[in-house]
Amino acid sequence: MISNFQRSAVKWDALLRDQMLKYWHKAVDSRGGYKVYDPGDRSWRVQIRLMLNGRNDRGQNETRRGLVSQARLLWVFSHSHLLGYSTPKHNFLKAATHGYSYLIDKMLDREYGGFYWKTDVNCGVIEPHKILYGQSMAIYALVEYHRATGLSDPLEYACSLFEIVQQRFHDTSQKGWIEHCEQDFKPLTCTGERLPGVPDIIGFKSGDAHLHWMEALTQLYCEVKDASVRDSLVEALELLCTRFYPPNLRETCEYLLPDWTTVANDGFSNLSHGHMLEFGWLMLQAQQALGTELAWDHFENILRHSLRHGFDHERGGFYFRGKPYEPACDTTKFWWVQAEGVSALTDAVVHFDSDEYNGPLAQLVSWILKFQIRSDDGVWIVSTDSGGRPLNVRKAGEWKAAYHEVRAITKFINSFAPTVSYDRRQQ
């Protein structure tokens, strides 16, 4: 079975090198930053209706720059260059430098610190909120750009941003981190509400934001080995392991109130298979960075639950969400959930090499190649239904900026075909 994964890794390496990364390289925009926009399969009726209503939807989206997409593509290009994918025609280091310049010059708040949530290349800052999720993505990207260039400034910006997050977002009385603030870091007051285009729920603490904060802290700590960063990483890891994704999966939740009490709303009782899988392998990564024992039992408990209750054993692919120990109530297959499944199952196969995980990973890879990729450029579409019928065929957007799939594919390649990765870097 491992030899089959080696062949798949070689195939994915070629797909990434010859098709996917070339598609994303087109996001580099001479106006600044990355243009992350795909209108999808829009009918002519919708296009005419937009025109009659005086809306130039395409132009509005093409000029906007969200912190998440800008940071994620900065990471993608930096990571791709580190792995040796740059060529004279597609220089990913140059593409990363382009995005880094925009991030620092246009999205960094020189008055209060931190990065704005959204800007526009024509209008400047349009959403000045400070969101924990976005700051986490910025640190994650800055660390990778530092690795790609060897420059000290990106790492210094990352360290400075860490200090600001600790000063402004950290909940010193209850632990954890506040997630949604105004430009000046006053917490948003519309508790229990969702803001358009902003992740998670205002005033709550979420597993989603905390796991990405842990991810950023892991990479920052690997570079600086600073005691304060380590303390924050230990805290984030402990909260995720005990509050959001504990070994007793009946206690798993996506949201908690600031004092860690349960949200009295059954609508928040569903768990996300994607977030659980993502947490599982990121937990191992954080523990490895800290030099502590890897919690393989905890990891397996999470993975086995999602394989039993959230995986399509007939066709392959992970479903979106459901209640603990119950069949998935939302069987949509989102691209990012499949990517996190690849990452988690890759770790499981490498560590255990058992049929329990080998079979699902083979099914998942087959599903992605058959149903998640719908075009010659090799880019994954947003979602399909359980049977593979496309639901959202867009390939790019503020939340669809190559990060999940490139992170998963490169992890898969480096795990199963390390010589291919090594040879590419030596060229």
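Asks: Could you give me a rundown of the pairing of strand β3 (residues 124-127), with the residues and numbers involved?
Replies: Relative to β3, strand β2 (residues 118-120) is paired through three bridges, and the arrangement is antiparallel. Each residue of the ladder has a partner; that of Lys118, found in β3, is Glu127. Between β2 and β3, which pair antiparallel and follow one another directly, the connecting turn spans three residues.

Asks: Account for the sheet that holds strand β10 (residues 333-334), with residues named and values stated.
Replies: Strand order in the open sheet formed by three strands is β10-β11-β12, and the pairing between neighbours is antiparallel. Bordering the open sheet on either side are β10 and β12 (390-392), each of which pairs with just one other strand. As judged from the two bridges shared by strand β11 (residues 383-384) and β12, these two strands associate in the antiparallel manner. Within the sheet, the bridge partner assigned to Ser383 lies in β12 and is Asn392.

Asks: Tell me what's going on with the layout of surface pockets, and back it up with residues and numbers.
Replies: Each pocket or cavity is described by its volume, and for the largest pocket that value is around 1200 Å³. Looking at the largest pocket, it is lined by 48 residues, and the ones nearest its centre are Trp335, Trp336, Glu398, Trp399 and Lys400. Of all elements in the fold, only α3 (57-63), β1 (64-66), α4 (67-82), α8 (207-224), α10 (273-290) and α12 (335-352) reach the threshold of two or more residues within the lining of the largest pocket. Counted by class, the lining of the largest pocket contains 16 nonpolar, 16 polar and 16 charged residues. Of the volumes computed, that of the second largest pocket is approximately 550 Å³. Only α4, α6 (132-149), α8, α10 and α14 (403-416) provide two or more residues apiece to the lining of the second largest pocket. Take the lining of the second largest pocket: its biggest share by element is five residues, from α10.

Asks: Would you mind going over the sheet that holds β3 in detail, with residue names and values included?
Replies: Spatially, three strands are ordered β1-β2-β3 in an open sheet, and the strand pairing comes out antiparallel. In this open sheet, the two edge strands, each paired with only one partner strand, are β1 and β3. If you compare each strand with its neighbour and ignore which way they point, the axes differ by 30° on average.

Asks: Mind laying out α4, listing which residues take part and the relevant values?
Replies: Between its first and last C-alpha, α4 extends 22 Å over 16 residues, near the 22 Å set by a 1.5 Å rise per residue. With respect to burial, α4 is a largely interior element, 14 of its 16 residues being buried.

Asks: Describe in detail the confidence of the model for the protein chain, supporting the description with residues and values.
Replies: Considering every residue of the protein chain, the mean pLDDT works out to 93; 93% of them sit at 70 or more. The low-confidence segment residues 43-59, where pLDDT is below 50, has eight contacts with residues more than four positions distant or belonging to other chains.

Asks: Outline the pattern of salt bridges, supporting the account with residue identities and numerical values.
Replies: Scanning the entire structure with this criterion turns up 21 salt bridges. Two residues, Glu223 and Arg147, come together in a salt bridge whose shortest N-O distance is 2.8 Å. Remark: Arg147 occurs in helix α6 and Glu223 occurs in helix α8; sequence separation between them is 76 residues. For Asp171, the salt bridge identified is with Lys205, shortest N-O distance 2.9 Å. On the criterion of sequence distance, the pair formed by Asp171 in the loop between α7 (153-168) and β5 (180-181) and Lys205 in strand β6 (residues 205-206) is long-range, its members being 34 residues apart. Note on Asp171: relative accessible area 12%, which makes it buried.

Asks: Quick one: what's the story with the side chain of His404, residue by residue and with numbers?
Replies: Assignment of secondary structure puts His404 in helix α14. Note on His404: relative accessible area 6%, which makes it buried. Separated by 2.6 Å, the side chains of His404 and Glu340 make a polar contact. When neighbours within four sequence positions are excluded, His404 is seen to be in contact with Arg72, Glu278, Trp335, Trp336, Ala339 and Glu340.

Asks: I'd like to hear about the environment of Leu271, residue by residue, with values.
Replies: Mapping Leu271 onto the fold places it in strand β8 (residues 271-272). A residue is classified by how much of its surface remains accessible, and Leu271, at 0% relative accessible area, is buried. As for Leu271 and His170, which are separated by 101 residues in sequence, their C-alpha atoms are 25 Å apart.

Asks: Now, about unusual backbone geometry: what can you tell me, with residues and values included?
Replies: Look at Lys175: it is not a glycine, yet its phi comes out positive at around 75°. As for its placement among the helices and strands, Lys175 is situated in the loop between α7 and β5. Under the relative-accessibility criterion, Lys175 is labelled partly exposed at 44%. We note that Ala402 has phi near 75°; this positive angle belongs to a residue other than glycine. Examined against the element boundaries, Ala402 turns out to sit in the loop between β12 and α14. Residue Ala402 is classed as buried on the basis of its relative accessible area of 0%.

The rules behind these values
- Residues numbered from 1 in each chain as written.
- Predicted model: local features only at pLDDT ≥ 70, side-chain atom pairs only at ≥ 80, totals over all residues.
- Heavy atoms only, no water.
- Pairing = 2+ DSSP bridges.
- Helix = DSSP H or I, 4+ residues; strand = E, 2+ residues; numbered from the N terminus.
- 1 Å grid on protein atoms, 1.4 Å probe; cavity = no way out; pocket = protein on both sides within 12 Å on 5 of 7 lines; lining within 4 Å.
- Points joined across faces, edges and corners; volume = space filled by probe spheres on them.
- Nonpolar A, V, L, I, M, F, W, Y, C, P; charged D, E, K, R; others polar.
- Axes fitted to C-alpha atoms, helices over the stretch in contact; angles between N-to-C directions.
- Expected span 1.5 Å × (residues − 1).
- Buried < 20%, exposed > 50% of the residue type's maximum accessible area, 1.4 Å probe, protein only.
- pLDDT = per-residue confidence, 0-100.
- Contact = heavy atoms within 4.5 Å.
- Salt bridge = Lys/Arg side-chain N within 4 Å of Asp/Glu carboxyl O.
- Polar contact = N/O pair within 3.5 Å; in protein donor to acceptor, adjacent residues only side chain to side chain.

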